[in-house]
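# Reading the structure
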Amino acid sequence: MPARIAVLASGGGTNLQALLDVPDAPYDVVGVLSDNAEAHALVRAQQHGITTEVVSPRDDLDRGGWDARVAEVLTGWRPDWVVCAGFMRVLGSHVLEAFPSRIVNTHPALLPSFPGAHGVRDALDYGVRITGCTVHLVDAGVDTGPILDQRAVAVLPQDDEESLHERIKVEERAMLVDIVLQLCAHGCSVDGRKVTIP
Ligand code: GAR
């Protein structure tokens, strides 16, 4: 039976696309959820006939209510793994408790450096010569969960945020696909901050 994967995405969805483009993938993307009704990731999903759902932060929904609704939608999709692929919101306890150690996030910096919404800009502003990307399990913090894999990308003198992010994303997509394939095949065990894929 193929593994069931739910993807959370807020924007363009090239990481989602990379997951969808794997030939003979040992998983099915069973749903794509966004906090942003305009996310191009939703179009990509629909083009593949994948169920989509938008859970926007709204005035009538506090943070806990939003998180509970996300957990409800995801639970309905019965995913083995939840993949945050460019998802720009912090998940809360309802989602985390529904999928313990089964939520993966990709981040465009070498954590623990430059967490948060502007990892590429922050690394560039700091003046680092090497940055990169990280795939990690999601915990209650912002980009603080145990690390599954990282890849380094050199910062070039002429880089701006966009050019650097594009090069990072090339590495990021390949790394994310690789880790998702490994997780689907073998799962992982977590001991403190160390994650092992057997
Ligand atoms: C990716 O670089 C991802 O790491 C980043 O958003 C981009 C989404 O690209 N996520 C974060 O910054 C989360 N803090 P995509 O929409 O083309 O997949």
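Located above this text is the structure these notes cover.
Residues numbered from 1 in each chain as written. Predicted model: local features only at pLDDT ≥ 70, side-chain atom pairs only at ≥ 80, totals over all residues. Heavy atoms only, no water.

### Observations concerning the environment of Ala109
- With respect to the secondary-structure elements, Ala109 resides in the loop between β5 (103–107) and α5 (119–126).
- In sequence terms Ala109 and Ala123 are 14 residues apart; their C-alpha atoms lie 7.4 Å from each other.
- When residues no more than four places from it in sequence are discounted, the contact partners of Ala109 are Phe114, Gly119, Thr131, Gly132, Cys133 and Thr134. (Helix = DSSP H or I, 4+ residues; strand = E, 2+ residues; numbered from the N terminus. Contact = heavy atoms within 4.5 Å.)

### Let's talk about the site of the ligand
- As a structural note, the neighbourhood of the ligand is formed by 14 residues, with Gly13, Thr14, His165, Lys169 and Glu172 the closest of them.
- The separation between an oxygen atom of the ligand and a polar main-chain atom of Gly13 is 2.7 Å.
- Within the backbone of Thr106, a nitrogen or oxygen atom sits 3.3 Å from an oxygen atom of the ligand.
- Elements represented by at least two residues in the shell around the ligand include exactly α1 (14–20), β5 and α6 (161–186). (Near = heavy atom within 4 Å. Polar contact = N/O pair within 3.5 Å; in protein donor to acceptor, adjacent residues only side chain to side chain.)

### Digging into unusual backbone geometry
- With an omega of 10°, the peptide bond between Leu111 and Pro112 qualifies as cis.
- Looking at where Pro112 falls in the secondary structure, it is placed in the loop between β5 and α5.
- The residue Ser101 is not glycine, and still its phi comes out positive at about 55°.
- Tracing the chain through its elements places Ser101 in the loop between α4 (93–98) and β5.
- Judged by relative accessible area, which is 40%, Ser101 ranks as partly exposed. (Buried < 20%, exposed > 50% of the residue type's maximum accessible area, 1.4 Å probe, protein only.)

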